[in-house]
Structure formats: C-alpha cells, structure tokens
Amino acid sequence: VGIGLAAETVVGQNLGARQPQRARTGGWIATGLGALVGLAVTIPFVLVPDLLAGIFTHDTTVIRAAAGYIRAVGTVQIVMAFEVVLEAAMSGAGYTFYPMVWIVTLSGLRIPAAIWAAPRFGLQGVWWVLAITMLLRGVALTALWTWGKWSRARA
C-alpha cells in the first residue's frame with residue numbers, strides 16, 4: 001500500500017507535468033518494487049504457513065484452517081502487488097472508475113464461487129476462491145494499466 005501511494009504521487013505529478021511516459025515508467029518501477037515485497041511474503045506464506053499461524057494460537061484445528069488460507073493467498077502475493085500498486089497509480093491519474101468496476105465485480109463473484117466451492121472442497125475451496133479472485137483482480141488491473149487509457153484521464 002505504501003508503494004502504491006508513492007506510485008499514485010509519481011503518476012499524478014508526471015501526468016500534471018505532461019510526461020506520460022515517465023508516469024508509465026514510474027508505475028512499472030513501483031509495481032516491480034511491490035512485487036519484490038510480495039515475493040518476500042510469498043516465501044514464508046507458502047513454505048511455513050503452519051508456523052505463521054502458530055504465532056497466534058496453539059489450537060491445531062485453527063492452525064490447520066489458517067495455514068490453508070495463508071498458503072492459498074501466499075501463492076498470489078506477487079500478483080496482488082500488481083493490483084494494489086497499479087490501482088493506486090491509476091488513481092493518481094484520476095482513472096478510478098474502471099479499476100473500481102473490476103475490483104467490485106471480481107470481489108462480488110467471491111460469494112457465488114465460495115458457495116459453489118465450499119461443498120465440493122470444504123474450507124480449502126473457499127480459501128482458493130479468495131486467492132483466485134485476487135489473481136484475477138491483479139490481471140485485470142495490469143490489463144487496464146497496459147491498455148493505457150489512464151494516461152489520458154483528467155482529474
């Protein structure tokens with residue numbers, strides 16, 4: 001989120017200075033930095049989720065359930081960084097409507113997808129629905145950024 005706020009500022013300042021290429025470059029650099037942070041989070045989330053969950057409780061049932069969630073979302077931390085940073089970057093450009101539409105739509109799909117997944121895959125299925133929708137939001141925001149209409153927005 002902090003890197004996203006920096007991207008928001010860089011994009012807004014550079015578009016205001018009529019430097020859309022610098023805004024684009026700044027957004028991609030910030031996204032790369034966010035992805036590095038995401039990678040740093042991914043490694044322990046995927047490799048030792050039980051240990052991380054065990055910091056908060058000694059209840060093995062809770063640890064097992066929490067570890068499933070931690071592992072599922074750990075697999076998409078890098079792409080989630082794309083979502084968070086690029087959403088902020090587009091906000092700095094004043095381009096907020098379409099990112100909001102994609103985020104709300106994909107988040108809303110979690111409910112029917114979880115209702116479908118829960119009886120088939122249990123709690124683990126619900127965790128993977130969350131992870132997959134995080135992945136899809138990251139892909140959607142990356143596509144919007146790449147498309148480039150944000151660079152012509154006026155705040």
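The following refers to the structure shown. (Residues numbered from 1 in each chain as written. Predicted model: local features only at pLDDT ≥ 70, side-chain atom pairs only at ≥ 80, totals over all residues. Heavy atoms only, no water.)

### A short note on the overall build of the protein chain
From N to C terminus, the protein chain includes 7 helices and 0 strands. Secondary structure elements of the protein chain occur, N-terminal to C-terminal, as α-α-α-α-α-α-α. In terms of its C-alpha atoms, the protein chain occupies a principal-axis envelope of roughly 55 × 30 × 20 Å. Scored against the burial criterion, the 155 residues of the protein chain give a buried share of 37%. Pairs at least 24 residues apart make up 77% of the contacts formed inside the protein chain by residues separated by at least 6 positions. Within the protein chain, the 5 negative side-chain charges are centred at a point lying 15 Å from the centre of the 11 positive side-chain charges. (Helix = DSSP H or I, 4+ residues; strand = E, 2+ residues; numbered from the N terminus. Buried < 20%, exposed > 50% of the residue type's maximum accessible area, 1.4 Å probe, protein only. Contact = heavy atoms within 4.5 Å. Lys, Arg positive; Asp, Glu negative; His and termini not counted. Charge placed at Lys NZ, Arg CZ, Asp CG, Glu CD.)

### Some points on the packing of helix α1 (residues 2–16) against helix α5 (residues 77–92)
The axes of two packed helices give the description: the angle between them and the distance between them. Taken N-terminus to C-terminus, the directions of α1 and α5 make an angle of 30°; their axes are 7 Å apart at the nearest point. Here α1 lies roughly parallel to α5, going by the angle between them. Read as a crossing pair, α1 and α5 show a hand that is right-handed. Taking contact as the criterion, the partners of Ile3, Gly4, Leu5, Ala7, Glu8, Val11 and Gly12 in α1 are, on α5, Val85, Ala88, Ala89, Ser91 and Gly92. (Axes fitted to C-alpha atoms, helices over the stretch in contact; angles between N-to-C directions. Parallel < 35°, antiparallel > 145°, perpendicular 65-115°, else oblique. Left-handed = near helix turned anticlockwise from the far one by under 90°.)

### Regarding α5
Taking 1.5 Å of rise per residue, the 16 residues of α5 would be expected to cover 22 Å, and the 23 Å separating its terminal C-alpha atoms lies within 8% of that figure. For α5, every residue scored as buried is listed here: Gln77, Ala81, Glu83, Val85, Leu86, Ala88, Ala89 and Met90. Tucked into the core, α5 has its buried residues touching α1, α2 (20–47), α4 (60–74), α6 (97–108) and α7 (110–147). Where α5 terminates, the next one or two residues include glycine 94, which has phi positive at roughly 85°. (Expected span 1.5 Å × (residues − 1).)

### Examining the nonpolar core
Val11, Leu15, Met90, Tyr95, Trp145 and Trp150 are the most contacted members of the largest nonpolar core, which totals 19 residues. Elements with a contribution of two residues or more to this core: α1, α2, α5, α6 and α7. Leaving out residues up to four positions away in the same chain, tryptophan 150 has contacts with Val11, Leu15, Pro20, Ala23, Arg24, Met90, Ala93, Tyr95, Leu144 and Trp145. Counting 7 residues, the second largest nonpolar core, distinct from the first, contains Ala72, Val73, Ala131 and Met134. (Core = buried A, V, L, I, M, F, W, Y, C linked by side-chain atoms within 4.5 Å.)

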